[in-house]
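These are the residues of each chain, in order.
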Amino acid sequence: MSSTVSYEAAMFSANDFVSDPCPSNPLDQMVVEELRLPPTFAWGTATAAYQIEGGTSQDGKGPSIWDIFSHIEPSRTNGENGDIACDHYNRAAEDVELMSSLGVDVYRFSISWPRIIPLGGRNDPINEKGIAFYNNLIDQLLDRDIEPVVTLYHWDVPQGLYDRYKAFLNTAEFQADFIHYARLCFTRFGDRVKKWVTFNEPYIISIFAHLNGTLAPGHCVAEGTDTTTEPWRVGHTLILSHAAVVDMYTTEFHYSQKGDISIVLNGSFYEPWDATDKVHRDAAERRMVFYIGWFGDPIFLGQDYPSEMRAALGSRLPAFTDKERRLLSRTAPNNAFYGMNHYSTKYARTLSEPPAGDDWTGNIAESSVNKFGQEVGPVTAVNWLRVAPDGFRKLLNWVWQRYHLPVIVTENGCPCPGETDVQIAVDDKLREKYIGLYLDAISRAIYEDGVQVTGYYAWTLMDNFEWSAGYGSRFGIVHTDFDTLKRTPKNSAYYLKATFARRRQPAT
Ligand code: GBH
C-alpha cells in the first residue's frame, strides 16, 4: 500500500474554501489517474424511500417515524420534511428514464415499509397500491436493463410499530414483524430482485437515532431516554433481525429465487491523531472495531461482539443466548457480500480521561485535524466530509482482511458548495474529482492489494431530503429544483458514464 498522503499544505479553513477556493489547495495536487476497473464491475446510483418519494400519505401509505419526527419538531430537520421530497412516487418513470440515459447498471433503492404495510405489524393489512408502485418500478428498471438492488430498511419504520412497542427497543416483537415484512417483499418482488439489503447502516440507527437523537425517533438524554443501554439494545435487535431474515431467505426462497442477501455497514477510516504514539494507533483501530466490528463480527463471522467492546461496555452490551449464537453461526456464511457505505476519513485519539457514563466510542475523540495541525483532506460542502481516497483504500483492505467478502460500495459521494443554484450545481468539479479519486482507490485495492470489490453506487441519484439537514445539503449527481421538481444532470453524472466506459475496457 502507498504511504499516507499528507496535507501539510492545507492552510485554509472550511469557510475559506467554500467562498474562495485557494488556487494552490491540496486538491489540485490530488490527481485522478482513471485507473482500470474490471469489465464486470457494476456501477449505479442509490437512493432511500423517505429521501425521494414524497407521496407520504398517498394511496394508503401509513406514517413512518420520519413523518412524525419532522412534523412534530421541524427545527430537527432544517424546518423541512419529506412530504413531497423529489415526488419520485409520481415521477418514477421519468427517473428510470434518466438513469437509463446515464447508462447505469444498477439502481439501489429502498422500500418504504409503511407504504406496503401501513401499520407495519404481522397481523396488519397489506396495501396493494404500495406493492403495485414497487412492482412497476422494478419492471421499468428491468425493461431498461437496470438491475434493482433493494434495501428493506432505510430508516423509516412504521410509526405504528413505534407506538406499539418502541420498534427496535423490543427485540422479539420487532424481529417477528421484520420477518413478516421481509417475507412479503421476497414473495412479491423476489422473482425479479436478486440483491437484497436488510438494513442500511445499523450504527447510525443505533447511535444517531437512539443516543444523539439527531435522527428519528430522536432518542437522547434530553428526551429522557436511557442512552447508556438503548443503542446497544437497538444494535442487538438489528443484528438478530438481519440474521433471522437471512435464515428465512435461505430456507424459503433461495432455492427458487437464487438471489444474494446481506447488510450495508457504514464507517469512516480512522487514522491515528498522532501516528508516532501507539496509544493513538490503537485508538484508531479500536474506533473501527467499535463502529464496524460491532455489527460485522456477529453478522459476518457468526461471533460474539468484539472483545474490546465487551471489555469496555460490560453489561451495557446485551448477551447472545445459545440459540441466538447458533442462528448467527448458521447465517454468517450466507451473507453474499459486504455492503459498504463510505464517505470519508477521520483522526482518532485516545482520551486521557474516560468520558462520563455513556461513552460509546471506546474512549476516543475524533477530528479532521491531527496533532500536528494537518487536515485529513480537503473539505467538501460539509465539514465532516473530507476528500481522502487513501483512507478509503485502507478501509477496503481492513474490511477484506477481517471478513473476506466481496465488497460492494453501496454509497459514496459528496456535496459541493453553492449547489442550490443550478448553474453552479451542474459544474460540480469537486464531486467529479472526488469520484475519480475514489474510483482510483478501488482500482488500487483490487489490482495492487487483492481486495475483491465488485460494484460502486454513487450516493445519490438526485438531490433529496438529507435527513437532519433538510434540503440544505445536496449529494445528487443530478440537481433537483425543489420548487419545480425539475431534474438537471450535473457534469459528474456524465463523468460517471464516461469514466466507467474508459476504465472498464477489456485489457488488450
Ligand atoms: C448515509 O449515511 C445515508 O445512508 C444516506 O441516507 C445519506 O443521505 C448519506 O449518508 C449522506 O449523508 O456531523 O460529524 O456527526 C452516512 C452516515 C451519518 C455520516 C451522519 C455523517 C454526520 C457526521 N452519516 N454523519 S458528524
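A short tour of the structure in this document, coming up. None of the values given here were measured: they were computed from a predicted structure. (Residues numbered from 1 in each chain as written. Predicted model: local features only at pLDDT ≥ 70, side-chain atom pairs only at ≥ 80, totals over all residues. Heavy atoms only, no water.)

Let's talk about the site of the ligand
Next, step 1: What surrounds the ligand is a group of 17 residues, the closest being Gln51, Glu201, Glu411, Glu466 and Trp467.
Next, step 2: Between an oxygen atom of the ligand and a side-chain N or O atom of Trp459, the distance comes to 3.1 Å.
Next, step 3: Protein contact buries 77% of the 580 Å² of open area that the ligand shows by itself.
Next, step 4: More than half of the atoms of the ligand fall within 2 Å of the grid points belonging to the largest pocket.
Next, step 5: For the shell around the ligand, the class distribution of residues is eight nonpolar, five polar and four charged. (Near = heavy atom within 4 Å. Polar contact = N/O pair within 3.5 Å; in protein donor to acceptor, adjacent residues only side chain to side chain. Areas by Shrake-Rupley, 256 points an atom, 1.4 Å probe, with all protein chains shown as cover. 1 Å grid on protein atoms, 1.4 Å probe; cavity = no way out; pocket = protein on both sides within 12 Å on 5 of 7 lines; lining within 4 Å. Sits in = over half its atoms within 2 Å of the grid points. Nonpolar A, V, L, I, M, F, W, Y, C, P; charged D, E, K, R; others polar.)

Considerations on the packing of aromatic side chains
Next, step 1: Applying the stated criterion across every chain yields a total of 45 aromatic pairs.
Next, step 2: Judged by centre distance (6.2 Å) and plane angle (20 degrees), the ring pair of Tyr50 and Trp467 falls under stacked. Taken together, the residues Tyr50 in helix α3 (residues 49-52) and Trp467 in the loop between β11 (453-459) and β12 (478-480) connect sequence positions 417 residues apart.
Next, step 3: The class of Trp467 is buried, set by a relative accessible area of 5%.
Next, step 4: Between Phe300 and Tyr338, the ring centres sit 5.3 Å apart and the planes meet at 40 degrees, which makes this aromatic pair tilted. Residue Phe300 is located in helix α12 (residues 278-301), and its partner Tyr338 is located in strand β7 (residues 338-341); the two are separated by 38 residues in the primary sequence. For the pair formed by Phe300 and Tyr338, the shared burial category is buried.
Next, step 5: Linked through ring pairs, Tyr50, Trp66, Phe69, Trp155, Phe465, Trp467, Tyr471 and Phe482 together constitute an aromatic cluster.
Next, step 6: The residue whose ring lies beneath Arg115 is Tyr89, and the NZ or CZ to ring-centre distance is 4.0 Å. (Phe/Tyr/Trp six-rings, centres within 6.5 Å; stacked < 30°, edge-to-face > 60°. Helix = DSSP H or I, 4+ residues; strand = E, 2+ residues; numbered from the N terminus. Buried < 20%, exposed > 50% of the residue type's maximum accessible area, 1.4 Å probe, protein only. Lys NZ or Arg CZ within 6 Å of the ring centre and 35° of its normal.)

With respect to unusual backbone geometry
Next, step 1: A cis amide bond links Ala216 to the next residue, Pro217, at an omega of 5 degrees.
Next, step 2: Within the fold, Pro217 resides in the loop between α10 (202-210) and α11 (230-257).
Next, step 3: Omega for the peptide link from Trp459 to Thr460 comes to 15 degrees, which places this bond in the cis form.
Next, step 4: Inspection of the secondary structure puts Thr460 in the loop between β11 and β12.
Next, step 5: With a phi close to 50 degrees, Ala167 is a non-glycine residue in the positive phi region.
Next, step 6: Since its relative accessible area comes to 2%, Ala167 is described here as buried.

Comments concerning the packing of α12 against helix α15 (residues 389-403)
Next, step 1: Put simply, α12 and α15 touch, their axes get as near as 11 Å, and they point 40 degrees apart. Relative to α15, the element α12 lies oblique. Regarding α12 and α15, the two cross each other, and that crossing is right-handed. Between α12 and α15, the residues in contact are Glu285, Met288, Val289, Ile292, Gly293, Gly296, Asp297, Phe300 and Leu301 and Leu395, Trp398, Arg402 and Tyr403, respectively. (Axes fitted to C-alpha atoms, helices over the stretch in contact; angles between N-to-C directions. Parallel < 35°, antiparallel > 145°, perpendicular 65-115°, else oblique. Left-handed = near helix turned anticlockwise from the far one by under 90°. Contact = heavy atoms within 4.5 Å.)

Considerations on the layout of surface pockets
Next, step 1: Estimates place the volume of the largest pocket at around 760 Å³.
Next, step 2: Lining the largest pocket are 35 residues; nearest its centre among them are Glu201, Ile204, Phe208, Asn266 and Trp384.
Next, step 3: Mapped by element, the contributors of at least two residues to the lining of the largest pocket are α10 and α12.
Next, step 4: Broken down by class, the residue content of the lining of the largest pocket amounts to 16 nonpolar, 13 polar and six charged. (Points joined across faces, edges and corners; volume = space filled by probe spheres on them.)

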